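The chain contents come next:
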Amino acid sequence: MSDQRPILTTRQGHPVRDNQSLRTVGERGPATLENYQFIEKITHFDRERIPERVVHARGAGAHGYFEAYGKIGDEPASKYTRARVLTETGVKTPVFVRFSTVAGAKESPETERDPRGFAVKFKTVEGNWDLVGNNLKVFFIRDAVKFPDMIHAFKPDPVTNRQEAWRFFDFVAQHPESIHMVTWLKSPWGIPANYREMEGSGVNTYKLVNDQGEAVLCKFHWIPKQGVRNLTSQQASEIQAKDVGHATRDLYDNISKGNFPEWEFAVQIMPDGPNEHLSFDPLDDTKRWPEDQFPLLKCGRMVLDRVPDNFFAEVEQSAFGTGVLVDGIDFSDDKMLQGRTLSYSDTQRYRVGPNYLQLPINAPQPGVKVYSNQRDGQMTYAVDGTGPNKHINYEPSTLAEGLREADKPAREYHQPVQGNLGRYQTSRTEDDYTQAGARYRSFQDWEREDLIANLVADMKQCPEPIQLRMVWHFWHADEDYGRRVAEGAGIDLEKAKALPPLPGRAAPGKRLATETYTD
Ligand code: HEM
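About the thresholds
Residues numbered from 1 in each chain as written. Predicted model: local features only at pLDDT ≥ 70, side-chain atom pairs only at ≥ 80, totals over all residues. UniProt positions renumbered as here; feature names shortened; annotations may be inferred. Helix = DSSP H or I, 4+ residues; strand = E, 2+ residues; numbered from the N terminus. Rg over C-alpha atoms; globule rule 2.2 N^0.38 Å. Buried ≥ 20, exposed ≤ 12 C-beta atoms within 10 Å, placed from the backbone. Contact = placed C-beta atoms within 7 Å. Axes fitted to C-alpha atoms, helices over the stretch in contact; angles between N-to-C directions. Parallel < 35°, antiparallel > 145°, perpendicular 65-115°, else oblique. Nonpolar A, V, L, I, M, F, W, Y, C, P; charged D, E, K, R; others polar. Near = placed C-beta within 6 Å. Pairing = 2+ DSSP bridges. Core = buried A, V, L, I, M, F, W, Y, C linked by C-beta atoms within 7 Å. Expected span 1.5 Å × (residues − 1). Arc of directions from axis to C-beta.

Named according to an unreviewed UniProt entry, the protein is Catalase originating from Methylobacterium isbiliense. Turning to the protein, the UniProt annotation filed under Cofactor (unreviewed entry) states: "heme". For the protein, the Sequence similarities (unreviewed entry) comment in UniProt is given as "Belongs to the catalase family."

Here is the structure:
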């Protein structure tokens, strides 16, 4: 029987007749430089790796679809938004989701205590919408300018290349706003059992805008139909001893068996504006919007039903960003969201290349043809659609034969903005402890015990000034919380309690003058 398999070729399409031997002068002689087939093979290999993501380097992805209920809670979705991905029922919007850990390198263990990334690319009929979220609903900081310092502290030491507890807590100790997130992270919620059995959240505050041009503030959340399951440190180290990629395996195995994971999509909504009556700032991503006041309103569901054909092409080269919104979903003034929105596409133009949006994984769905006057750059794969006259790659043109602008929506949303330009260092309430303390008290006993044990183990690795300041924070969140960490780690509670407030920060529960800014 003749061999029907395709023939190996070079990238130039030439058949390869010998893939086992270099071309040499005689059996033992030197290799020749005109050996194109070898040069193509080896030099392409030399360039196989691209930079890993600067954060969230370890990840796994899956394809699926999103179906809107056409309602947000009991109301028609159109009351709040004109985004068709949320208003149109019966449409299956293709999605690609990438789950990840944050601080570890590309092949680091998936059992690490770390927030989990939950990034969703909706390929809607109106172009892409990326919701780049995490599993936990809050974050460590509320000002984007701090992000590089935070990540430096969480990543390995520049001298020893080791992640160190003291570096993490050295940063955290100066940031009371991170105590809420740390309370989640050091509890079992910091190690989700896998990617399927965890929640997701957009974390930052967005806006929904309707046809009348009216806006509301909102937060987005994913609720797993599989339920939520977390691991203690002990359970995680047992898994890690056998498998550093258990979460990817779990995702691929379940999808391949037809056990498709599913999440409900929900939004929390509040009126746009300063919402001065609240005890927290709705634009502060270190705070949750209490669910009894701002219920989770269900508006759709997402199913993941296909694993990628190729990890590099689809997962490694996928590029999500908070700037990728569709009409009807808008930015809020959340300072983290504003900073993130520059960072993602900037890093992707460097990490993947300036034409990263031409790659199939990142391009809009085939029904959405791209027409733009953006041209050229490294690795241009295709020329975007043009107007009837291909010479006119600019806009506007008197000849009216190039591309034209879209019609404006009947009612555009115009946000009023007023204020003094400056670098504001205060938060509205300076209350960074109430939600952290409430979280501590809301845990089940075994979760609280695991939290304390993890913090005690970490504190033992920190120098005394960091230990004292951390106990001071925990004690202000909840007296029992601070006392148990201090006792477990042998830290002098009275000495910790006697510390003054952090420089430049108000005493817990007090407020600095609100209009304080540095320039
Ligand atoms: C990935 C920046 C905060 C979730 C990334 C990447 C950068 C970045 C540069 C790598 C992107 C890539 O190479 O494709 C920032 C900055 C932040 C910030 C500057 C704060 C100012 C957050 C927050 C969340 C988050 C608050 C959670 C809501 C993610 C996720 C990924 C990611 C899920 C991985 C996306 C993927 O799977 O490709 N971030 N980030 N980040 N970030 Fe952030």
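Caption draft 1: A look at the overall build of the protein. What the protein contains, in helices and strands, is 14 helices and twelve strands. For 519 residues, the compact-globule estimate of 2.2 N^0.38 gives 24 Å, and the C-alpha radius of gyration of the protein, at 26 Å, lies within 12% of that figure. By principal-axis analysis of the C-alpha atoms, the protein measures approximately 80 × 70 × 50 Å. Scored against the burial criterion, the 519 residues of the protein give a buried share of 36%. For the protein, restricting intrachain contacts to residue pairs at least 6 apart in sequence, the fraction spanning at least 24 positions comes to 72%.

Caption draft 2: How the structure looks around the UniProt feature "domain: Catalase core" (unreviewed entry) in the protein. In this structure's numbering, the residues bearing the UniProt feature "domain: Catalase core" (unreviewed entry) are residues 9-403. In residues 9-403, helix accounts for 21% and strand for 20%; the two terminal C-alpha atoms are 41 Å from one another.

Caption draft 3: Representation of the packing of helix α3 (residues 147-154) against helix α4 (residues 165-173) in the model. One way to put it is that α3 packs onto α4 with a least axis distance of 7 Å and a crossing angle of 150°. One element, α3, and the other, α4, form an angle in the roughly antiparallel class. On α4, the residues touching D149, M150, A153 and F154 of α3 are R167, F168, D170 and F171. Counted by class, the contact of α3 with α4 contains five nonpolar, no polar and three charged residues.

Caption draft 4: Summary view of the site of the ligand. Around the ligand, 27 residues are found, and the nearest of them are H56, R98, G117, A144 and V203. Breaking the shell around the ligand down by element, the ones donating at least two residues are β4 (92-101), β5 (116-124), β6 (127-134) and α9 (335-351). For the shell around the ligand, the element with the most residues is α9, which contributes eight residues. A breakdown of the residues in the shell around the ligand according to their chemical character gives twelve nonpolar, eleven polar and four charged.

Caption draft 5: How the structure looks around the pairing of strand β1 (residues 59-68). Counted residue by residue, β1 has seven buried out of ten residues, so it is predominantly covered. Where β1 meets β4, nine bridges bridge the pair, whose relative direction is antiparallel. Residue pairing across strands places G61 opposite R98, the latter belonging to β4.

Caption draft 6: Just the environment of G90, in detail. When you line up the elements, G90 lands in the loop between α2 (84-87) and β4. The exposed category is assigned to G90, around which 7 C-beta atoms lie within 10 Å. Residues G90 and H152, 62 residues apart in the sequence, show an inter-C-alpha distance of 45 Å.

Caption draft 7: A look at the nonpolar core. In terms of nonpolar packing, the biggest core is built from 52 residues, with V97, C218, V267 and C299 touching the most fellow members. Counting residues per element, this core draws most heavily on strand β9 (residues 215-224), at six residues. In this structure C299 touches A68, Y69, K71, I72, A77, L86, F265, A266 and V267, once residues within four positions along its chain are discounted. Residues L337, Y440, M470 and A496 belong to the second largest nonpolar core, which totals 41 residues.

Caption draft 8: Unusual backbone geometry, seen in detail. Of note, the bond from E395 into P396 is cis; its omega dihedral lies within 30 degrees of zero at 5°. Here P396 is to be found in the loop between α9 and α10 (434-442). For N275, which is not glycine, the phi dihedral falls at a positive 50°. On the basis of neighbour counts, which here come to 14 C-beta atoms within 10 Å, the residue N275 falls in the partly exposed class. Despite not being glycine, D376 shows a phi value in the positive range, around 65°. Tracing the backbone shows D376 in the loop between α9 and α10.

Caption draft 9: Fine view of α9. For α9, spanning 17 residues, the distance from its first C-alpha to its last is 24 Å, which sits close to the expected 24 Å at 1.5 Å a residue. Looking only at α9, the buried set comprises M336, L337 and Q348. Buried residues in α9, looked at end-on, bunch into an arc of 80°, giving them a common side.

Caption draft 10: Representation of the packing of helix α12 (residues 464-477) against helix α13 (residues 479-489) in the model. Across the interface, α12 lies against α13 with an axial gap of 5 Å and an inter-helix angle of 150°. Relative to α13, α12 is oriented roughly antiparallel. Two secondary-structure elements touch here, α12 through Q467, V471, F474, W475 and A477 and α13 through E479, Y481, G482, R483, V485, A486 and A489. Within the contact of α12 with α13, the residues separate by chemical class into eight nonpolar, two polar and two charged.

Caption draft 11: Just the environment of P192, in detail. With respect to the helices and strands, P192 occurs in the loop between α5 (179-185) and β7 (200-201). Since 28 C-beta atoms lie within 10 Å of it, P192 is described here as buried. In this structure, the C-alpha to C-alpha distance between P192 and T111, residues 81 residues apart in sequence, is 8.1 Å. Excluding residues within four positions of it along the chain, P192 makes contact with R116, N135, E197, M198 and N230.

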